[in-house]
Amino acid sequence: KFSDTFGPARKPGEELKDRHRDLARALQLVTEEAVLHVVRHIERTQSSKNLVISGGVALNCVANARILRDTNFERVWVPPCASDTGAPLGSALWHHHQNLKHERGFELTHPFFGKSFDEADVVKALEAAGLTYERIGEDNELFRRVAEDLADQKIVGWHQGRYEIGPRALGNRSILADPRSLKIKELINVRIKHREPFRPFAPAVLLERAGEFFEIDQPDPYMTLAPKVREDKIDVIPAAVHVDGTARIQTVRRKDNPRYYSLIATFGEMTGVPVLINTSFNCHEPIVTTPAEAISCYLRTEMDRLVMGNVYVKDRNHEAVAKARLAFDAASR
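Here is a short report on the structure shown in this document. (Residues numbered from 1 in each chain as written. Predicted model: local features only at pLDDT ≥ 70, side-chain atom pairs only at ≥ 80, totals over all residues. Heavy atoms only, no water.)

Let's talk about the pairing of strand 4 (residues 156–159)
1) Next: In strand 4, alternate side chains face the same way, and those of V156 and W158 on one face and G157 and H159 on the other are all buried.
2) Next: Sheet topology places strand 4 next to strand 9 (residues 305–308); four bridges connect them, and they run parallel. Within the sheet, the bridge partner assigned to G157 lies in strand 9 and is L306. (Buried < 20%, exposed > 50% of the residue type's maximum accessible area, 1.4 Å probe, protein only. Helix = DSSP H or I, 4+ residues; strand = E, 2+ residues; numbered from the N terminus. Pairing = 2+ DSSP bridges.)

What follows is the structure in C-alpha cells.
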C-alpha cells in the first residue's frame with residue numbers, strides 16, 4: 001500500500017529526485033507532529049519539567065530539539081541505547097531493582113560499557129597486518145600530535161578503551177576530523193564513508209563551550225538533539241552544519257571521557273575551536289570493535305591516521321592495503 005500511494009522505493013545508488021526529498025521531508029514533519037502531540041499530553045498531565053524518552057524514534061534528534069523549542073520541558077534526556085538494543089540493560093536493571101530489591105543507585109553517565117583491548121592486542125593486530133607503528137608514551141604528546149594532524153586536515157581513526165553501547169560512535173570508536181573546512185565533509189564521504197552527500201556529520205564539543213556554538217543550554221552526551229548552530233559560528237564550523245542550519249551535537253565532559261575531552265581541548269587551544277567532527281568508525285559494516293577491525297577499516301579506506309590507545313599509525317603500505325581489501329571482500333561474500 002505504501003508503494004501504491006507514494007510510488008516505488010528508491011533503489012541503492014539511484015539518483016535522488018525531488019519526489020524522494022519531498023517524501024523524506026513530509027515523513028519527518030509528520031513524525032515531529034506525532035511526537036509533539038504525545039509530549040504535549042504529558043506536559044498537561046505531569047508537573048515535571050524533565051522528560052526522558054526511549055524507543056527507536058527517540059533517536060530522532062530533530063524531533064527532540066523541537067520538544068525543547070516548542071514545549072515547556074526544560075531538559076530532555078535520551079539514553080544512548082534508546083532502541084531495542086537497550087532492552088538487555090533495562091531488563092537487568094528491572095530485575096536488580098524489582099526482583100532482587102536493591103536500591104536504585106545506578107546512574108548512566110557514559111555509554112562505554114563494551115569490551116576494551118590492551119596494548120598487546122593492538123600490537124599483535126598491527127604486526128599481523130604488517131604495519132609499522134609508533135608508541136607515544138606521554139598522553140599530552142599524543143593529544144598534541146593528533147590535534148596537529150586534525151588541524152592539518154588529516155582524517156583520524158580514534159580507537160580507545162571500551163566501546164560504546166547504542167548505534168552511535170561517541171568518542172571511543174570514532175573517525176575524527178576538522179570542522180572548520182567545508183571540504184572535509186566531501187573528503188570523508190569520498191574517501192571513507194561513500195554515502196549520500198546530504199547526510200550530516202556530528203560535531204563533538206566541550207560541554208562548557210557548547211552554548212557558544214549552538215543554541216542549547218543542556219548537556220547532550222549521546223547525540224540525541226539537533227539544535228541550531230549560532231549564526232556567527234556557521235562559517236567557523238561549516239563542516240558540522242546541516243542544510244537547515246542545525247547540528248546533531250555531542251557534548252563532552254572531562255569526567256565522562258578524559259582522553260576524548262583532552263584531545264578536543266588540545267585542538268581548541270591550537271585553533272580556537274573546541275569542536276571536532278565525529279562520525280562512526282566504519283565503512284559499510286557495523287562500527288568497529290576490535291583492533292583488527294579498526295586496522296581493516298583504516299586500510300580499506302583512505303584514512304590518514306589510526307590511533308589505538310597510545311599507539312600511533314600512519315603506515316599505509318600497498319601490501320597491507322591490498323591484503324585488507326581482499327580479506328574484507330572474501331568475508332563479505
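Notes on the environment of F117
1) Next: Positionally, F117 belongs in the loop between helix 4 (87–99) and helix 5 (119–129).
2) Next: C-alpha separation for the pair F117 and P179, spaced 62 residues apart in sequence, amounts to 29 Å.
3) Next: Ignoring anything within four residues of it in the chain, the contact list for F117 reads H159, R173, T289, T290 and P291. (Contact = heavy atoms within 4.5 Å.)

Considering the nonpolar core
1) Next: Of all hydrophobic cores here, the largest spans 44 residues; its most connected members are L131, F214, I237 and I295.
2) Next: Of the residues forming this core, the biggest block, five residues, is contributed by helix 10 (residues 291–300).
3) Next: Not counting residues within four places of it along the chain, the set of residues in contact with F214 comprises P203, V205, P227, K228, V229, R230, I237, A247 and I249.
4) Next: Core analysis: the second largest hydrophobic core is formed by 21 residues, L150, Y260, F267 and L276 among them. (Core = buried A, V, L, I, M, F, W, Y, C linked by side-chain atoms within 4.5 Å.)

Quick notes on a nonpolar patch on the surface
1) Next: A cluster of nonpolar side chains, namely L89, F106 and F113, defines an oily patch on the protein surface of about 260 Å² accessible area.
2) Next: Mapped onto the secondary structure, F106 falls in the loop between helix 4 and helix 5. (Patch = residues over 30% accessible without salt bridge, like charges linked within 9 Å, V, L, I, M, F, W, Y side chains within 5 Å. Areas by Shrake-Rupley, 256 points an atom, 1.4 Å probe, with all protein chains shown as cover. Salt bridge = Lys/Arg side-chain N within 4 Å of Asp/Glu carboxyl O.)

Things to note about the packing of aromatic side chains
1) Next: Under the counting rule described, the total for this entry stands at four aromatic pairs.
2) Next: Ring centres 4.8 Å apart and planes at 45° place the aromatic pair F2 and F6 in the tilted group. Taken together, the residues F2 and F6, both in helix 1 (residues 2–6) and four residues apart, mark about one turn of the helix.
3) Next: In this structure F2 comes out as exposed when scored by relative accessible area, which is 53%.
4) Next: The exposure class of F6 is partly exposed, given its relative accessible area of 39%.
5) Next: With 6.3 Å between their ring centres and 55° between their planes, F106 and F113 make a pair best called tilted.
6) Next: The class for F113 is partly exposed, based on a relative accessible area of 40%. (Phe/Tyr/Trp six-rings, centres within 6.5 Å; stacked < 30°, edge-to-face > 60°.)

Looking at the packing of helix 10 against helix 11 (residues 318–332)
1) Next: Direction vectors running N to C along helix 10 and helix 11 enclose 110°, while the axes themselves pass 8 Å from each other. Between helix 10 and helix 11, the angle is such that the two are roughly perpendicular. For the pair helix 10 and helix 11, the crossing hand works out as left-handed. In this structure, helix 10 uses S296, L299 and R300 to contact helix 11, whose residues at the interface are A320, V321, A324, R325 and F328.
2) Next: Class assignment of the residues belonging to the contact of helix 10 with helix 11 gives a composition of five nonpolar, one polar and two charged. (Axes fitted to C-alpha atoms, helices over the stretch in contact; angles between N-to-C directions. Parallel < 35°, antiparallel > 145°, perpendicular 65-115°, else oblique. Left-handed = near helix turned anticlockwise from the far one by under 90°. Nonpolar A, V, L, I, M, F, W, Y, C, P; charged D, E, K, R; others polar.)

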